[in-house]
Amino acid sequence: MKAKLLTLTLLFSMVAGYLMAQAPQLVNYQAVVRDNQGNPVAAGTLVSLRFTIHDLTATGAPVFTETHNDTANKFGLVTTQIGSVNSLAIVSWGTGPKYLQVEAEINNTGGYVSMGATELIS
């Protein structure tokens, strides 16, 4: 009986530890959006952000993409979570470097402007 209780306790502890170790598949992202003169955009400005994760290099094959439509606050700030539209679980993180490219479109102008790509590191 004592051995069964010990085994059950050990199993429960392992399962609880596994469940608590799972991190959300999201990446927080914030940016201050600026106009052509370098000033933060006005409150209420519509901002569309397109996120693409590239494999191996900044211009490598895209392995993830999603678009967020946000509204800038009074400081021109937009805040979102990458992975809240499409699951980041589809990315094979262990197969080499990954690069995040961010593109922005302000007020539905019809074209995205690349803000560059940078390597994602832990």
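Residues numbered from 1 in each chain as written. Predicted model: local features only at pLDDT ≥ 70, side-chain atom pairs only at ≥ 80, totals over all residues. Heavy atoms only, no water.

Participant: Talk me through the overall build of the protein; I want residue IDs and the actual numbers.
Facilitator: The helix and strand inventory of the protein stands at one helix and six strands. Along the chain direction, N to C, the helices and strands of the protein fall in the order α-β-β-β-β-β-β. Sorting the 122 residues of the protein into buried and exposed places 28% on the buried side. Partitioning the contacts of the protein with sequence separation of at least 6, the portion at a separation of at least 24 is 54%. Per element, the accessible surface of the protein, about 8,300 Å² overall, is 61% carbon and sulfur. (Helix = DSSP H or I, 4+ residues; strand = E, 2+ residues; numbered from the N terminus. Buried < 20%, exposed > 50% of the residue type's maximum accessible area, 1.4 Å probe, protein only. Contact = heavy atoms within 4.5 Å. Areas by Shrake-Rupley, 256 points an atom, 1.4 Å probe, with all protein chains shown as cover.)

Participant: Run through the confidence of the model for the protein, naming residues and quoting values.
Facilitator: Across the protein, pLDDT averages 86, with 81% of residues at or above 70. Within the model, pLDDT remains below 50 along residues 3-11, and this stretch shows zero contacts once partners closer than five positions in the same chain are excluded. (pLDDT = per-residue confidence, 0-100.)

Participant: Can you explain the packing of aromatic side chains? Please cite residues and give values.
Facilitator: Within the structure shown, the criterion is met by one aromatic pair. Consider the rings of Tyr29 and Phe51, whose centres lie 5.0 Å apart with planes at 70°: the pair is edge-to-face. Placement of the pair is Tyr29 in strand 1 (residues 27-32) and Phe51 in strand 2 (residues 46-55), with a sequence separation of 22 residues. The two residues Tyr29 and Phe51 agree in class, both being buried. The lysine or arginine in question, Arg50, covers the ring of Tyr112, its NZ or CZ lying 4.0 Å from the ring centre. (Phe/Tyr/Trp six-rings, centres within 6.5 Å; stacked < 30°, edge-to-face > 60°. Lys NZ or Arg CZ within 6 Å of the ring centre and 35° of its normal.)

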